[in-house]
Protein chains: 2
Amino acid sequence: MTTADARTPASSSDNNDKSDKSDANTVGAEAGKSIGWHKAYVEGSRPDLRVPVRQVHLTNGKAVTLYDTSGPYTDPTADTDVRRGLAPLRENWIIARGDTEEYTGRPPRPEDDGIKHTSPRGGLKNLDAVFPGRPRQPRRGRGGQAVTQLAYARRGEITPEMEFIGIRENIDPEVVREEVAAGRAVIPANVNHPEIEPMIIGKRFLVKVNANIGNSAVTSSIEEEVEKMTWATKWGADTVMDLSTGRNIHTTREWVLRNSPVPIGTVPLYQALEKVDGKAEELSWEIYKDTVIEQAEQGVDYMTVHAGVRLPYVPLTANRKTGIVSRGGSIMAAWCLAHHKESFLYEHFEELCEILAAYDVTYSLGDGLRPGSIADANDRAQFAELETLGELNTIAKRHNVQTMIEGPGHVPMHKIKENIDLQQEICEEAPFYTLGPLTTDIAPAYDHITSGIGAAMIGWWGTAMLCYVTPKEHLGLPNKDDVKTGVITYKIAAHAADLAKGHPGAQDWDDALSDARFEFRWEDQFNLALDPDTAREFHDETLPAEPAKTAHFCSMCGPKFCSMKISQDIRREHGGTPQAELDEAVAGMEQKSKEFAAAGNRVYLPIAD
Amino acid sequence: MTTADARTPASSSDNNDKSDKSDANTVGAEAGKSIGWHKAYVEGSRPDLRVPVRQVHLTNGKAVTLYDTSGPYTDPTADTDVRRGLAPLRENWIIARGDTEEYTGRPPRPEDDGIKHTSPRGGLKNLDAVFPGRPRQPRRGRGGQAVTQLAYARRGEITPEMEFIGIRENIDPEVVREEVAAGRAVIPANVNHPEIEPMIIGKRFLVKVNANIGNSAVTSSIEEEVEKMTWATKWGADTVMDLSTGRNIHTTREWVLRNSPVPIGTVPLYQALEKVDGKAEELSWEIYKDTVIEQAEQGVDYMTVHAGVRLPYVPLTANRKTGIVSRGGSIMAAWCLAHHKESFLYEHFEELCEILAAYDVTYSLGDGLRPGSIADANDRAQFAELETLGELNTIAKRHNVQTMIEGPGHVPMHKIKENIDLQQEICEEAPFYTLGPLTTDIAPAYDHITSGIGAAMIGWWGTAMLCYVTPKEHLGLPNKDDVKTGVITYKIAAHAADLAKGHPGAQDWDDALSDARFEFRWEDQFNLALDPDTAREFHDETLPAEPAKTAHFCSMCGPKFCSMKISQDIRREHGGTPQAELDEAVAGMEQKSKEFAAAGNRVYLPIAD
């Protein structure tokens with residue numbers, strides 16, 4: 001990613017009018033707007049609380065306001081530079097609370113980036129390795145106190161983060177506070193990641209989507225990972241997990257964090273393993289703890305912790321079709337087996353809570369024993385771990401640590417509901433965060449689809465966040481196209497779930513698009529689409545000429561006959577007619593049908609309706 | 001499509017060994033087979049009853065047998081030629097029944113192809129316009145009698161078609177007969193389409209997938225349509241609907257029928273409309289009837305008939321978000337409105353039954369008032385029509401005409417189940433055949449996915465056949481890539497539904513693929529995948545070298561650490577252990593954990609499991 005790219009990302013899809021800042025800040029001022037979509041902000045109770053929205057201005061003069069995850073990159077008036085990082089939006093809020101302190105953090109070490117010697121670093125292209133942005137010191141709860149949104153919510157405080165989210169979700173901020181206080185929702189927001197635009201994960205809110213990025217020992221660079229992050233959020237990712245392994249883990253994460261408008265999650269175990277050169281048995285609580293602190297100081301907002309993979313559960317996976325498929329789960333299982341000891345994560349869980357509470361890092365309790373195949377779904381190993389995750393959830397809450405619970409995996413449709421129902425019961429309604437689930441194993445290269453099916457269903461039934469799956473799942477590392485396909489597929493699943501849950505206002509988006517479709521407003525259809533670029537491209541493939549964008553037909557039926565046109569005729573005759581008159585008309589027509597029958601016409605059966 | 005292409009389609013994906021005919025005909029003879037997949041046949045009670053299967057030969061010496069829709073094109077020993085057409089497999093079975101007669105059919109007329117004058121035909125490329133294959137006369141039930149599989153089933157006859165299907169679905173042919181006799185399943189098999197390999201559509205059987213093809217007034221040629229048909233069946237389409245409009249409808253259909261190993265469906269109304277130059281009001285029962293006979297003589301296996309769009313229902317659509325979106329539905333609505341008369345299809349339904357019975361054309365009772373947007377789902381217009389379809393179903397059955405019922409459309413997830421439940425109740429469990437449904441309106445260019453979600457769910461709940469949706473839905477006509485994407489997406493939905501229904505043996509496929517995945521048998525994973533080409537391509541994108549195909553790691557984790565390897569270690573230690581011993585081991589480990597706790601280690605909670 002070049003700096004220029006970051007400043008004006010993918011303008012091809014924006015079609016925005018580069019309106020000046022004062023325009024862009026005004027919500028509801030449709031007059032004078034050119035069509036297309038525009039970044040706008042809704043101001044809260046204070047000038048530094050500005051909630052970004054995506055406004056789609058339609059050709060009929062109306063506007064539709066959509067949730068926006070893309071950050072300042074899509075604001076033509078924002079001055080962004082990936083070498084400087086994003087502005088620390090929340091910094092004043094955090095400082096004003098007066099419960100944190102800056103301190104001299106853990107100094108970065110070569111092994112944080114997987115470097116054993118002082119040899120020159122490899123794998124970095126175009127970007128200098130070390131993030132060049134403003135110097136900063138880490139911050140933590142003064143005296144180790146819990147500086148979490150959960151602690152504040154329990155004390156009855158509506159934080160600026162909660163107010164921001166209330167505006168963003170169009171919901172009373174007091175409801176936001178209640179849901180967080182009850183542990184039914186989390187706001188991942190490390191005090192060392194002030195750049196984020198606050199968001200919430202909980203079943204009362206819009207279903208969220210996480211996108212995984214991360215280099216591996218085999219491929220990819222820092223540059224690509226930063227670009228994947230901005231790319232994923234441009235298409236709608238609500239959070240991003242950096243799952244890097246191999247080299248430059250620390251440095252990659254720093255670049256990603258400083259430039260991310262969304263919460264960043266990690267699996268600290270991956271980096272800890274790199275520090276012991278990939279030898280699981282050499283892991284220890286000390287190395288793990290050091291890694292967690294390193295990452296908490298950088299600003300990681302939530303961490304997957306596989307503390308539910310306990311020694312006694314390991315043999316439960318022996319007769320499985322696909323054993324343990326979670327990397328974190330198998331690392332911990334390997335450690336338990338090698339030492340024949342209980343997991344050090346489980347043993348030190350309470351100490352880990354104390355660390356996370358001091359930075360407001362949210363737990364994502366990992367399902368290390370999730371099923372990796374249809375055959376292994378909902379088995380004893382999986383549900384044994386879930387029971388433990390429930391116990392750990394209770395402990396985390398005692399320490400005021402926000403907590404969500406990870407879920408499977410590979411599950412056939414008829415076994416999906418049991419997963420969310422059990423999780424909600426065992427984990428006291430803590431947010432569920434699932435990977436898919438994939439509803440069949442037979443379609444490598446299409447696992448965004450096999451899993452999108454399961455994701456939509458489990459979202460409907462109460463899962464709060466869906467971890468995307470890309471077409472490369474099981475086969476390779478996703479490239480930029482795969483990331484986009486994964487995000488779009490999961491935005492579909494999440495929105496389908498929002499509709500099915502009856503989320504207030506969710507259907508407005510569908511209605512606006514369907515209105516545009518019915519009225520042949522092609523440009524509005526494209527601009528309202530989840531992916532305007534591809535929708536426009538597909539249309540133009542068959543009917544490329546500009547007049548076709550205003551034509552009252554499309555390539556499916558052609559100009560000679562068009563169902564929408566006939567419907568419009570019907571509406572002209574009957575549309576806007578009050579229901580009573582419509583019923584009368586229907587009755588009249590039924591009478592007419594009966595007269596036909598009486599006159600010898602063959603009408604077989606009475607009209608049922 | 002060139003002849004050469006047709007003879008050896010897409011060999012890149014086959015990886016088959018061009019084994020000689022005697023090899024290819026033997027089922028279960030794995031020894032000596034090279035890996036990859038091979039066409040094979042299972043013989044029934046007579047030598048001319050050979051059921052094609054796809055055998056995947058694995059590197060571990062095992063073989064997996066899969067349902068195969070691709071026809072003779074994937075049999076290297078078959079001599080196919082699109083100019084000659086496929087061999088008439090069923091001809092002897094039909095003749096042997098002795099209840100049909102050949103007759104001098106309706107002579108083809110220029111207007112069948114949309115040609116008003118004797119001007120040279122346009123739009124035909126590479127192929128000569130008129131199908132050059134063997135001359136044939138149409139066949140129909142002697143004396144107009146019903147020669148339908150329903151009539152035979154009711155008389156207690158197990159036809160060769162039923163036996164074929166029994167072998168194909170691995171189910172007792174008597175069950176096939178019972179389901180057909182009860183009207184819960186249909187076998188679309190026009191006596192004039194002897195080329196097909198019989199298949200069944202019913203909830204007790206594998207969920208089927210239909211692919212739509214068809215040129216329109218705007219674009220595409222005969223050549224492309226024939227190629228799309230073979231292409232769609234290669235990827236798993238169980239039936240194909242030819243929805244051509246514009247020119248060359250008759251000729252296109254002839255080429256498609258003579259070369260299709262799967263049943264072909266049409267919407268005769270489209271061609272009838274062409275015959276009156278697109279003027280709906282000029283349609284008449286006579287023109288429609290003539291078109292149905294024309295198509296029945298050609299061999300169309302099932303026809304969508306929009307007889308449920310009745311005059312009184314038209315005003316019910318006036319206040320809809322998107323009115324009438326079905327082309328057939330809107331044509332009939334336009335006709336009803338123009339004449340202010342009851343639908344001629346409804347009025348003449350009984351006569352239509354008599355025609356269809358004489359050729360064994362299956363009804364697909366169209367849902368002309370299906371919702372075209374989330375807002376219109378499950379509304380009064382839709383369910384009023386469904387009631388009428390139920391009445392028509394009863395009439396059709398009285399005439400021994402096989403019947404299935406079409407369903408929506410655009411439906412949010414929480415309203416899907418009501419559709420199948422009502423349809424099953426109102427239509428006496430006649431097979432449901434749905435388009436999607438699309439679970440949200442916001443994703444043009446991804447409607448294969450928005451609808452794949454709904455399709456999987458409604459398939460699970462009992463829908464017998466799923467009509468695919470391609471990425472071009474709402475935007476343009478699908479090209480070859482779109483057809484493939486649509487078919488693969490719907491094979492995923494159908495298989496996910498088979499798993500959820502607990503269809504016997506459905507999970508074997510998933511298990512075989514997951515075994516291969518666990519054991520790093522990459523070639524087997526590719527060959528077992530729904531789309532081996534793309535799976536292999538995606539793998540090679542990250543790890544192109546040949547050794548990577550046998551490597552015991554993949555690009556996700558890299559060689560240094562691999563979860564599958566750890567699982568294999570666990571299995572080495574515990575695998576194959578009887579459950580009792582495994583339970584003992586778990587108990588032992590629980591004890592060990594307790595000892596840790598007693599020794600001062602922090603174990604917080606008792607083990608729940």
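Values in this document were obtained by computation on a predicted structure and should not be read as measured data.

Colleague: So what exactly am I meant to see when it comes to the overall build of chain A here?
Modeller: Counting secondary structure elements, chain A contains 22 helices and 15 strands. Out of the 609 residues belonging to chain A, those deemed buried represent 67%. In chain A, of all internal contacts separated by at least 6 residues, the share reaching a separation of at least 24 is 73%. Of the roughly 19100 Å² that chain A leaves accessible, carbon and sulfur atoms contribute 50%.

Colleague: Is there a simple way to think about the sheet that holds strand S3 (residues 63-67) of chain B in this case?
Modeller: Strand pairs in the sheet, formed through backbone hydrogen bonds, run parallel or antiparallel to each other. All names here are of chain B. The strand order S1-S2-S3 describes an open sheet built from three strands, whose pairing is antiparallel. With one partner strand each, in any of the chains shown, strand S1 (36-43) and S3 form the two edges of the open sheet. Within the sheet, the average angular offset between the axes of one strand and its neighbour, ignoring direction, is 35 degrees. Bridge count for strand S2 (residues 50-57) against S3 is five bridges, and the pairing is antiparallel. Counterpart to Val-53 in the pairing with S3 is Tyr-67. In the packing of helix H6 (residues 160-169) onto the sheet, the strands contacted are S1, S2 and S3, and the crossing angle to S2 comes to about 15 degrees.

Colleague: Could you clarify how one ought to interpret the sheet that holds strand S11 (residues 302-305) of chain A in this entry?
Modeller: Residue and element names in this part refer to chain A. Strand order in the closed barrel formed by eight strands is S8-S9-S10-S11-S12-S13-S14-S15, and the pairing between neighbours is parallel. With direction set aside, neighbouring strand axes in the sheet form an average angle of 25 degrees. Relative to strand S13 (residues 403-407), strand S12 (residues 362-365) runs parallel, the two being bridged by three bridges. Residue Ser-364 lies in a different strand from S13, and its bridge partner there is Met-404.

Colleague: What exactly am I supposed to notice about the UniProt feature "binding site: Zn(2+)" (unreviewed entry) in chain A here?
Modeller: Residue and element names in this part refer to chain A. Summarizing the sequence annotation, UniProt attributes the feature "binding site: Zn(2+)" (unreviewed entry) to His-410 and His-474 in the numbering used throughout. Across 65 residues of sequence, these annotated residues stay compact in space, with a maximum C-alpha separation of 12.2 Å. Structurally, His-410 can be placed in the loop between S13 and helix H15 (416-426). You can call His-410 buried: its relative accessible area is 5%. Among the polar contacts listed, one links the side chain of His-410 to the backbone oxygen of Gly-372, at a separation of 3.4 Å. Note on placement: His-474 falls in the loop between strand S15 (465-467) and helix H17 (480-501). Polar contacts involving the side chain of His-474 include one to the side chain of His-410, which spans 3.4 Å.

Colleague: Looking at this structure, how should I read the pairing of strand S13 (residues 403-407) of chain B?
Modeller: Working note: regular strand, side chains alternate between the two faces of the sheet. Residues and elements named next belong to chain B. Within S13, five of the five residues are buried, which leaves the element mostly enclosed by the surrounding structure. In S13, alternate side chains face the same way, and those of Thr-403, Ile-405 and Gly-407 on one face and Met-404 and Glu-406 on the other are all buried. Each parallel crossover has a hand, and for strand S12 (residues 362-365) linked through helix H15 (residues 380-398) to S13 it is right-handed. Two strands pair when backbone bridges link them, and S13 and strand S14 (residues 432-435) are joined in this way by three bridges, in the parallel orientation. What sits directly across from Ile-405, in S14, is Phe-432.

Colleague: Please explain the packing of aromatic side chains as it appears in this structure.
Modeller: This model, assessed by the stated rule, comprises 20 aromatic pairs over all chains. Ring centres of Trp522(A) and Phe526(A) lie 6.2 Å apart, and the angle between their planes is 40 degrees; this geometry places the pair in the tilted category. Of this pair, Trp522(A) and Phe526(A) are both found in helix H19 (residues 522-528), four residues apart, which corresponds to roughly one turn of the helix. Relative accessible area serves as the criterion here: at 2%, Trp522(A) is assigned to the buried category. For Phe526(A), a relative accessible area of 0% translates into the label buried. By the ring-pair criterion, three or more aromatic residues cluster together here, those being Trp285(A), Tyr288(A), Trp335(A) and Phe344(A). Directly above the ring of Tyr103(A) sits Arg140(A), whose terminal nitrogen or CZ lies 3.7 Å from the centroid. Lying across the ring of Tyr313(B), Arg310(B) places its NZ or CZ 6.0 Å from the centre.

Colleague: It is not clear to me how unusual backbone geometry should be interpreted in this structure. Could you clarify?
Modeller: When glycine is set aside, most residues are seen to have a negative phi, and most peptide bonds are trans. In this structure, the amide linkage connecting Gly436(A) to the following residue, Pro437(A), adopts the cis form with an omega of 5 degrees. Structurally, the position occupied by Pro437(A) is in the loop between strand S14 (432-435) and helix H16 (447-460). A cis amide bond, omega 15 degrees, links Pro408(B) with the succeeding residue Gly409(B). For Gly409(B), the location among the structural elements is in the loop between S13 and helix H16 (416-426). The backbone of Glu429(B) sits at a positive phi, close to 65 degrees, despite the residue not being glycine.

Colleague: Sorry, what's going on with the nonpolar core here?
Modeller: Across soluble globular proteins, you tend to see nonpolar side chains buried next to one another. In terms of nonpolar packing, the biggest core is built from 282 residues, with Tyr288(A), Tyr363(A), Met413(A), Tyr288(B), Tyr363(B) and Met413(B) touching the most fellow members. Those residues within four positions of Met413(A) in sequence are excluded, and the remaining contacts are Thr439(A), Ile453(A), Met457(A), Ala456(B), Met457(B), Trp460(B), Ala496(B), Ala497(B) and Ala500(B). Counting residues in each nonpolar core, the second largest holds 18 residues, with Ile171(B), Ala181(B), Ala189(B) and Phe205(B) among its members.

Colleague: Would you mind going over the state of the cysteines with me for this structure?
Modeller: Linking two cysteines covalently via their sulfur atoms produces the bond known as a disulfide. Counted according to the given criterion, the structure contains zero disulfides over all chains. There is no disulfide at Cys353(A), and the cysteine sulfur nearest it, in Cys427(A), is 14 Å away.

Colleague: How should the side chain of Gln295(B) be read in this particular structure?
Modeller: Residues and elements named next belong to chain B. Looking at the secondary structure, you find Gln-295 in helix H11 (residues 285-298). Assessed through its relative accessible area of 1%, Gln-295 is described here as buried. For Gln-295, the contacting residues outside a window of four places in its chain are Arg-253, Thr-266, Pro-268, Gln-271, Val-300 and Met-303.

Calculation rules
- Residues numbered from 1 in each chain as written.
- Chains lettered and ligands numbered in written order.
- Predicted model: local features only at pLDDT ≥ 70, side-chain atom pairs only at ≥ 80, totals over all residues.
- Heavy atoms only, no water.
- Helix = DSSP H or I, 4+ residues; strand = E, 2+ residues; numbered from the N terminus.
- Buried < 20%, exposed > 50% of the residue type's maximum accessible area, 1.4 Å probe, protein only.
- Contact = heavy atoms within 4.5 Å.
- Areas by Shrake-Rupley, 256 points an atom, 1.4 Å probe, with all protein chains shown as cover.
- Pairing = 2+ DSSP bridges.
- Axes fitted to C-alpha atoms, helices over the stretch in contact; angles between N-to-C directions.
- UniProt positions renumbered as here; feature names shortened; annotations may be inferred.
- Polar contact = N/O pair within 3.5 Å; in protein donor to acceptor, adjacent residues only side chain to side chain.
- Right-handed = clockwise from strand over helix to strand, strands pointing away.
- Phe/Tyr/Trp six-rings, centres within 6.5 Å; stacked < 30°, edge-to-face > 60°.
- Lys NZ or Arg CZ within 6 Å of the ring centre and 35° of its normal.
- Core = buried A, V, L, I, M, F, W, Y, C linked by side-chain atoms within 4.5 Å.
- Disulfide = S-S within 2.5 Å.

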